[in-house]
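Listed below are the residues making up each chain.
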Amino acid sequence: MVSLERPAGAELVEKINRLRQERRAVILAHNYQVPEVQDIADIVGDSLAMAREAAKVEADVIVLCGVRFMAETAKLINPDRPVLMPDPNSGCPMADMISLRELQEAKQRHPDATVVTYVNSSAVIKAASDICCTSANAVRIVESVPKEKPILFVPDQSLGEYTAEQTGRDNIILYPGFCPTHHRILVEHVEARRAQYPDADVCVHPECTRDVRCLADVIGSTSQIIRHVCESDKNAFIIATELGVCHTIRKRCPHKTIVEITGLADCPNMKLNTLEKVLWSLEDMQHEVTVPKEVAGPARKAIERMLAVT
Ligand code: 13P
Ligand code: SF4
(Lines give C-alpha, C1' and ligand atoms only; values in the text may rest on other atoms or scores of the structure.)
(Ligands and ions follow the chains in the order given, each with its own letter.)
Protein backbone atom coordinates (compact mmCIF):
# COMPACT_ATOMS: atom_id res chain seq x y z
CA MET A 1 0.00 0.00 0.00
CA VAL A 2 1.30 3.50 -0.82
CA SER A 3 1.19 5.93 2.10
CA LEU A 4 -0.20 9.32 1.14
CA GLU A 5 2.09 11.02 3.63
CA ARG A 6 5.32 9.98 2.00
CA PRO A 7 6.77 12.31 -0.61
CA ALA A 8 6.79 11.00 -4.18
CA GLY A 9 9.94 9.03 -4.84
CA ALA A 10 10.64 8.32 -1.14
CA GLU A 11 10.47 4.59 -1.68
CA LEU A 12 12.83 4.82 -4.63
CA VAL A 13 15.27 6.89 -2.59
CA GLU A 14 15.18 4.33 0.24
CA LYS A 15 15.96 1.52 -2.19
CA ILE A 16 18.78 3.52 -3.78
CA ASN A 17 20.23 4.27 -0.34
CA ARG A 18 20.12 0.62 0.68
CA LEU A 19 21.72 -0.58 -2.54
CA ARG A 20 24.43 2.08 -2.69
CA GLN A 21 25.56 0.93 0.78
CA GLU A 22 25.47 -2.74 -0.14
CA ARG A 23 27.45 -2.14 -3.32
CA ARG A 24 29.75 0.50 -1.80
CA ALA A 25 28.77 2.78 -4.64
CA VAL A 26 29.23 6.52 -5.03
CA ILE A 27 26.77 8.55 -7.08
CA LEU A 28 28.26 11.50 -8.99
CA ALA A 29 25.86 13.94 -10.67
CA HIS A 30 26.44 16.88 -12.98
CA ASN A 31 24.72 20.18 -12.18
CA TYR A 32 22.57 19.73 -15.31
CA GLN A 33 20.81 16.65 -13.88
CA VAL A 34 17.14 16.80 -12.86
CA PRO A 35 16.68 18.08 -9.27
CA GLU A 36 15.74 14.70 -7.75
CA VAL A 37 18.90 13.08 -9.14
CA GLN A 38 21.07 15.97 -7.87
CA ASP A 39 19.38 15.58 -4.48
CA ILE A 40 20.34 11.91 -4.00
CA ALA A 41 23.90 12.26 -5.36
CA ASP A 42 26.92 11.99 -3.07
CA ILE A 43 28.66 14.65 -5.12
CA VAL A 44 27.15 17.24 -7.47
CA GLY A 45 29.52 19.25 -9.61
CA ASP A 46 30.63 20.46 -13.01
CA SER A 47 32.76 18.48 -15.45
CA LEU A 48 36.03 19.40 -13.73
CA ALA A 49 34.72 18.58 -10.27
CA MET A 50 33.42 15.23 -11.50
CA ALA A 51 36.79 14.35 -13.04
CA ARG A 52 38.59 15.38 -9.84
CA GLU A 53 36.17 13.49 -7.62
CA ALA A 54 36.43 10.41 -9.84
CA ALA A 55 40.18 10.53 -9.21
CA LYS A 56 39.63 10.57 -5.43
CA VAL A 57 36.74 8.18 -4.76
CA GLU A 58 37.28 5.09 -2.66
CA ALA A 59 34.00 3.38 -3.56
CA ASP A 60 33.81 0.02 -5.38
CA VAL A 61 31.34 1.31 -7.98
CA ILE A 62 30.77 4.73 -9.59
CA VAL A 63 27.29 5.64 -10.81
CA LEU A 64 27.78 8.56 -13.17
CA CYS A 65 24.69 10.71 -13.69
CA GLY A 66 25.69 12.89 -16.61
CA VAL A 67 26.41 12.09 -20.24
CA ARG A 68 28.64 9.48 -21.88
CA PHE A 69 31.83 11.53 -22.15
CA MET A 70 31.70 12.13 -18.37
CA ALA A 71 31.29 8.42 -17.67
CA GLU A 72 34.16 7.66 -20.05
CA THR A 73 36.35 10.21 -18.27
CA ALA A 74 35.56 8.62 -14.90
CA LYS A 75 36.39 5.21 -16.40
CA LEU A 76 39.70 6.47 -17.79
CA ILE A 77 40.65 7.64 -14.30
CA ASN A 78 39.31 4.43 -12.68
CA PRO A 79 40.15 1.60 -15.07
CA ASP A 80 39.61 -1.11 -12.42
CA ARG A 81 36.23 0.04 -11.09
CA PRO A 82 32.86 -0.37 -12.78
CA VAL A 83 31.46 2.98 -13.94
CA LEU A 84 27.71 2.80 -14.55
CA MET A 85 25.53 5.07 -16.69
CA PRO A 86 21.88 4.96 -15.59
CA ASP A 87 20.83 5.70 -19.19
CA PRO A 88 23.25 4.48 -21.87
CA ASN A 89 21.66 6.81 -24.45
CA SER A 90 22.72 10.01 -22.70
CA GLY A 91 25.23 11.26 -25.24
CA CYS A 92 26.40 14.76 -26.09
CA PRO A 93 25.68 16.19 -29.55
CA MET A 94 28.70 18.49 -29.32
CA ALA A 95 31.00 15.54 -28.57
CA ASP A 96 29.53 13.79 -31.63
CA MET A 97 30.34 16.76 -33.89
CA ILE A 98 33.93 15.60 -34.35
CA SER A 99 34.99 12.18 -35.66
CA LEU A 100 38.50 10.76 -35.49
CA ARG A 101 38.84 11.24 -39.23
CA GLU A 102 37.89 14.91 -38.98
CA LEU A 103 40.39 15.42 -36.17
CA GLN A 104 43.13 13.65 -38.12
CA GLU A 105 42.42 15.82 -41.18
CA ALA A 106 42.58 18.98 -39.04
CA LYS A 107 45.88 17.79 -37.52
CA GLN A 108 47.28 17.20 -41.00
CA ARG A 109 46.33 20.75 -42.00
CA HIS A 110 48.02 22.10 -38.82
CA PRO A 111 50.89 19.70 -38.11
CA ASP A 112 52.62 22.07 -35.65
CA ALA A 113 49.56 22.67 -33.51
CA THR A 114 49.04 21.42 -29.97
CA VAL A 115 45.62 19.77 -29.79
CA VAL A 116 43.63 21.09 -26.82
CA THR A 117 40.43 19.08 -26.45
CA TYR A 118 37.42 20.03 -24.40
CA VAL A 119 36.42 17.10 -22.16
CA ASN A 120 33.07 17.21 -23.96
CA SER A 121 34.47 14.73 -26.47
CA SER A 122 34.71 10.97 -26.91
CA ALA A 123 37.62 8.94 -25.50
CA VAL A 124 38.76 8.30 -29.08
CA ILE A 125 39.16 12.06 -29.68
CA LYS A 126 40.91 12.54 -26.32
CA ALA A 127 43.32 9.76 -27.26
CA ALA A 128 44.37 11.71 -30.37
CA SER A 129 44.86 14.94 -28.35
CA ASP A 130 47.74 16.49 -26.46
CA ILE A 131 45.80 17.80 -23.47
CA CYS A 132 42.20 18.15 -22.30
CA CYS A 133 40.45 21.09 -20.69
CA THR A 134 37.06 21.85 -19.17
CA SER A 135 35.23 25.16 -19.31
CA ALA A 136 36.53 25.87 -15.78
CA ASN A 137 40.20 25.59 -16.70
CA ALA A 138 40.37 26.20 -20.49
CA VAL A 139 42.17 29.55 -20.08
CA ARG A 140 44.81 28.06 -17.77
CA ILE A 141 45.32 25.05 -20.03
CA VAL A 142 45.77 27.27 -23.11
CA GLU A 143 48.18 29.47 -21.14
CA SER A 144 50.22 26.36 -20.31
CA VAL A 145 51.01 25.91 -24.02
CA PRO A 146 54.03 28.01 -25.16
CA LYS A 147 52.77 31.27 -26.71
CA GLU A 148 54.39 30.72 -30.09
CA LYS A 149 52.83 27.26 -30.52
CA PRO A 150 49.57 27.21 -32.51
CA ILE A 151 46.65 25.48 -30.78
CA LEU A 152 43.99 23.38 -32.47
CA PHE A 153 41.02 23.74 -30.12
CA VAL A 154 38.28 21.08 -30.46
CA PRO A 155 35.35 20.61 -30.57
CA ASP A 156 33.67 23.72 -29.05
CA GLN A 157 34.24 26.84 -31.14
CA SER A 158 32.53 29.09 -28.58
CA LEU A 159 34.74 28.01 -25.68
CA GLY A 160 37.79 28.16 -27.97
CA GLU A 161 36.87 31.68 -29.10
CA TYR A 162 36.31 32.79 -25.49
CA THR A 163 39.67 31.32 -24.51
CA ALA A 164 41.37 33.19 -27.37
CA GLU A 165 39.73 36.43 -26.19
CA GLN A 166 40.85 35.86 -22.59
CA THR A 167 44.44 34.93 -23.42
CA GLY A 168 44.88 37.42 -26.27
CA ARG A 169 46.25 34.64 -28.46
CA ASP A 170 45.72 34.89 -32.20
CA ASN A 171 47.06 31.42 -33.00
CA ILE A 172 44.09 29.33 -31.84
CA ILE A 173 42.48 27.36 -34.66
CA LEU A 174 38.82 26.70 -33.91
CA TYR A 175 36.91 23.57 -34.87
CA PRO A 176 33.25 24.32 -35.76
CA GLY A 177 31.51 22.29 -33.02
CA PHE A 178 29.01 23.80 -30.59
CA CYS A 179 26.56 22.99 -27.82
CA PRO A 180 23.00 23.06 -29.21
CA THR A 181 21.61 23.74 -25.72
CA HIS A 182 23.78 26.80 -25.02
CA HIS A 183 23.35 28.09 -28.59
CA ARG A 184 19.57 28.16 -28.07
CA ILE A 185 20.15 31.04 -25.62
CA LEU A 186 19.71 34.21 -27.70
CA VAL A 187 20.38 37.92 -27.27
CA GLU A 188 16.64 38.56 -27.13
CA HIS A 189 16.31 36.21 -24.13
CA VAL A 190 18.98 38.14 -22.24
CA GLU A 191 17.44 41.50 -23.17
CA ALA A 192 13.96 40.39 -22.08
CA ARG A 193 15.27 39.14 -18.70
CA ARG A 194 17.34 42.32 -18.17
CA ALA A 195 14.22 44.41 -18.74
CA GLN A 196 12.41 42.35 -16.07
CA TYR A 197 15.32 42.30 -13.59
CA PRO A 198 17.43 45.40 -14.28
CA ASP A 199 19.53 44.97 -11.11
CA ALA A 200 20.39 41.33 -11.71
CA ASP A 201 23.84 40.09 -12.76
CA VAL A 202 23.76 38.25 -16.09
CA CYS A 203 25.88 35.09 -15.72
CA VAL A 204 26.82 33.42 -19.02
CA HIS A 205 28.50 30.09 -19.78
CA PRO A 206 31.36 30.29 -22.33
CA GLU A 207 29.59 27.68 -24.50
CA CYS A 208 27.13 30.47 -25.42
CA THR A 209 27.60 32.49 -28.61
CA ARG A 210 29.79 35.59 -28.60
CA ASP A 211 26.68 37.83 -29.03
CA VAL A 212 25.32 36.48 -25.76
CA ARG A 213 28.70 36.55 -24.00
CA CYS A 214 28.99 40.24 -24.90
CA LEU A 215 25.93 40.95 -22.73
CA ALA A 216 27.32 39.19 -19.67
CA ASP A 217 28.28 40.69 -16.34
CA VAL A 218 30.08 37.47 -15.52
CA ILE A 219 31.28 34.72 -17.87
CA GLY A 220 32.13 31.44 -16.22
CA SER A 221 31.86 27.70 -16.20
CA THR A 222 29.12 26.05 -14.21
CA SER A 223 31.14 26.03 -10.97
CA GLN A 224 32.37 29.60 -11.53
CA ILE A 225 28.79 30.85 -12.00
CA ILE A 226 27.65 29.03 -8.83
CA ARG A 227 30.57 30.49 -6.86
CA HIS A 228 29.86 33.99 -8.17
CA VAL A 229 26.20 33.85 -7.11
CA CYS A 230 27.03 32.47 -3.66
CA GLU A 231 29.81 34.99 -2.97
CA SER A 232 28.31 38.12 -4.54
CA ASP A 233 26.65 40.87 -2.47
CA LYS A 234 23.94 41.15 -5.13
CA ASN A 235 20.54 39.54 -4.72
CA ALA A 236 19.35 38.68 -8.22
CA PHE A 237 21.02 36.68 -10.99
CA ILE A 238 20.01 35.78 -14.53
CA ILE A 239 21.50 32.35 -15.23
CA ALA A 240 22.37 31.95 -18.92
CA THR A 241 23.35 28.30 -18.94
CA GLU A 242 21.62 24.95 -18.67
CA LEU A 243 18.57 25.10 -16.41
CA GLY A 244 19.68 22.37 -13.96
CA VAL A 245 22.24 24.78 -12.49
CA CYS A 246 19.40 26.91 -11.09
CA HIS A 247 18.40 24.04 -8.79
CA THR A 248 21.97 23.72 -7.44
CA ILE A 249 22.16 27.47 -6.84
CA ARG A 250 18.73 27.76 -5.20
CA LYS A 251 19.68 25.04 -2.73
CA ARG A 252 22.92 26.80 -1.82
CA CYS A 253 21.54 30.35 -1.81
CA PRO A 254 17.83 30.02 -0.94
CA HIS A 255 17.38 33.74 -0.26
CA LYS A 256 18.64 34.98 -3.64
CA THR A 257 16.52 35.50 -6.73
CA ILE A 258 17.61 33.06 -9.42
CA VAL A 259 16.13 33.73 -12.86
CA GLU A 260 16.18 31.09 -15.60
CA ILE A 261 17.20 32.59 -18.91
CA THR A 262 14.75 30.59 -21.09
CA GLY A 263 13.02 27.23 -20.96
CA LEU A 264 14.97 26.37 -24.12
CA ALA A 265 18.23 26.03 -22.19
CA ASP A 266 17.39 22.45 -21.32
CA CYS A 267 19.79 19.67 -22.35
CA PRO A 268 17.58 16.69 -23.24
CA ASN A 269 20.51 14.29 -22.96
CA MET A 270 21.29 15.28 -19.39
CA LYS A 271 17.64 14.87 -18.51
CA LEU A 272 17.49 11.22 -19.56
CA ASN A 273 18.64 10.07 -16.12
CA THR A 274 15.89 9.54 -13.55
CA LEU A 275 15.69 8.10 -10.04
CA GLU A 276 14.25 4.87 -11.45
CA LYS A 277 17.18 4.48 -13.83
CA VAL A 278 19.66 5.15 -11.00
CA LEU A 279 17.98 2.38 -8.99
CA TRP A 280 17.98 -0.04 -11.93
CA SER A 281 21.63 0.65 -12.61
CA LEU A 282 22.49 -0.27 -9.01
CA GLU A 283 20.20 -3.31 -9.04
CA ASP A 284 21.56 -4.81 -12.26
CA MET A 285 25.02 -3.16 -12.36
CA GLN A 286 24.12 -1.61 -15.69
CA HIS A 287 25.14 0.09 -18.01
CA GLU A 288 28.85 -0.37 -17.61
CA VAL A 289 31.06 1.95 -19.63
CA THR A 290 34.05 0.43 -21.37
CA VAL A 291 36.92 2.07 -23.19
CA PRO A 292 39.17 -0.09 -25.40
CA LYS A 293 42.70 -0.48 -23.96
CA GLU A 294 44.48 1.08 -26.93
CA VAL A 295 42.27 4.19 -26.62
CA ALA A 296 42.28 4.34 -22.81
CA GLY A 297 46.06 4.75 -22.40
CA PRO A 298 46.53 7.88 -24.56
CA ALA A 299 43.14 9.34 -23.57
CA ARG A 300 44.05 9.01 -19.87
CA LYS A 301 47.32 10.82 -20.53
CA ALA A 302 45.46 13.82 -22.02
CA ILE A 303 43.21 13.94 -18.92
CA GLU A 304 46.14 13.53 -16.52
CA ARG A 305 48.04 16.37 -18.23
CA MET A 306 45.00 18.58 -17.63
CA LEU A 307 44.71 17.56 -13.96
CA ALA A 308 48.44 18.17 -13.48
CA VAL A 309 48.14 21.75 -14.79
CA THR A 310 45.11 22.64 -12.65
P1 13P B 1 30.99 22.49 -17.38
O2 13P B 1 30.52 21.39 -16.50
O3 13P B 1 32.48 22.44 -17.58
O4 13P B 1 30.50 23.83 -17.00
O5 13P B 1 30.46 22.16 -18.87
C6 13P B 1 29.19 22.40 -19.27
C7 13P B 1 28.62 21.32 -20.10
O8 13P B 1 28.06 21.58 -21.13
C9 13P B 1 28.71 19.95 -19.66
O10 13P B 1 28.08 19.14 -20.57
FE1 SF4 C 1 26.56 18.36 -24.56
FE2 SF4 C 1 25.64 20.85 -24.37
FE3 SF4 C 1 24.27 18.88 -23.25
FE4 SF4 C 1 26.62 19.66 -22.21
S5 SF4 C 1 24.74 20.84 -22.34
S6 SF4 C 1 25.94 17.56 -22.59
S7 SF4 C 1 27.72 20.21 -24.09
S8 SF4 C 1 24.65 19.14 -25.44
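Residues numbered from 1 in each chain as written. Chains lettered and ligands numbered in written order. Predicted model: local features only at pLDDT ≥ 70, side-chain atom pairs only at ≥ 80, totals over all residues. Heavy atoms only, no water.

Draft legend 1. Broad picture of the side chain of Thr 248. Relative to the assigned elements, Thr 248 resides in helix 13 (residues 244–252). Engagement of the side chain of Thr 248 in a polar contact is seen with the side chain of Gln 38, the distance being 2.8 Å. Each residue touching Thr 248, except ones within four places of it in the same chain, is listed here: Asn 31, Gln 38 and Ile 226. (Helix = DSSP H or I, 4+ residues; strand = E, 2+ residues; numbered from the N terminus. Polar contact = N/O pair within 3.5 Å; in protein donor to acceptor, adjacent residues only side chain to side chain. Contact = heavy atoms within 4.5 Å.)

Draft legend 2. Fine view of the site of ligand 2. Taken together, Tyr 32, Val 67, Cys 92, Pro 93, Met 94, Asn 120, Cys 179, Glu 207, Cys 267 and Met 270 make up the full set of residues adjacent to ligand 2. Partitioned by chemical class, the residues of the shell around ligand 2 number 8 nonpolar, 1 polar and 1 charged. (Near = heavy atom within 4 Å. Nonpolar A, V, L, I, M, F, W, Y, C, P; charged D, E, K, R; others polar.)

Draft legend 3. The arrangement of helix 14 (residues 275–284) in detail. Within helix 14, burial applies to Leu 275, Val 278, Leu 279, Ser 281 and Leu 282. Down the axis of helix 14, the sector holding all buried residues measures 160°, keeping them to one side. Where helix 14 is buried, its residues meet helix 1 (10–22), strand 1 (25–30), helix 2 (35–40), strand 3 (61–65) and strand 4 (83–84). Note on helix 14: the residue one or two positions beyond its end, Met 285, has a positive phi of about 50°. (Buried < 20%, exposed > 50% of the residue type's maximum accessible area, 1.4 Å probe, protein only. Arc of directions from axis to C-beta.)

Draft legend 4. A look at the packing of helix 1 against helix 14. The contact between helix 1 and helix 14 brings their axes to 10 Å, and the two run at 30°. Overall, the two elements helix 1 and helix 14 adopt an arrangement that is roughly parallel. Of the two possible hands of crossing, helix 1 and helix 14 adopt the one that is left-handed. Across the interface between the two elements, Leu 12, Val 13, Lys 15, Ile 16, Leu 19 and Arg 20 of helix 1 pack against Leu 275, Glu 276, Val 278, Leu 279, Leu 282 and Glu 283 of helix 14. A breakdown of the residues in the contact of helix 1 with helix 14 according to their chemical character gives 8 nonpolar, no polar and 4 charged. (Axes fitted to C-alpha atoms, helices over the stretch in contact; angles between N-to-C directions. Parallel < 35°, antiparallel > 145°, perpendicular 65-115°, else oblique. Left-handed = near helix turned anticlockwise from the far one by under 90°.)

Draft legend 5. Just unusual backbone geometry, in detail. For the bond from Val 154 to Pro 155, the omega torsion is -15°, close enough to zero to count as cis. Relative to the elements of secondary structure, Pro 155 occurs in the loop between strand 7 (151–154) and helix 8 (157–167). Note that the residue after Gln 286, namely His 287, is joined by a cis bond; omega there is -5°. Its location among the elements puts His 287 in the loop between helix 14 and helix 15 (293–309). Even without a glycine there, the phi angle at Arg 24 is positive, about 50°. Summarising the element assignment, Arg 24 is placed in the loop between helix 1 and strand 1.

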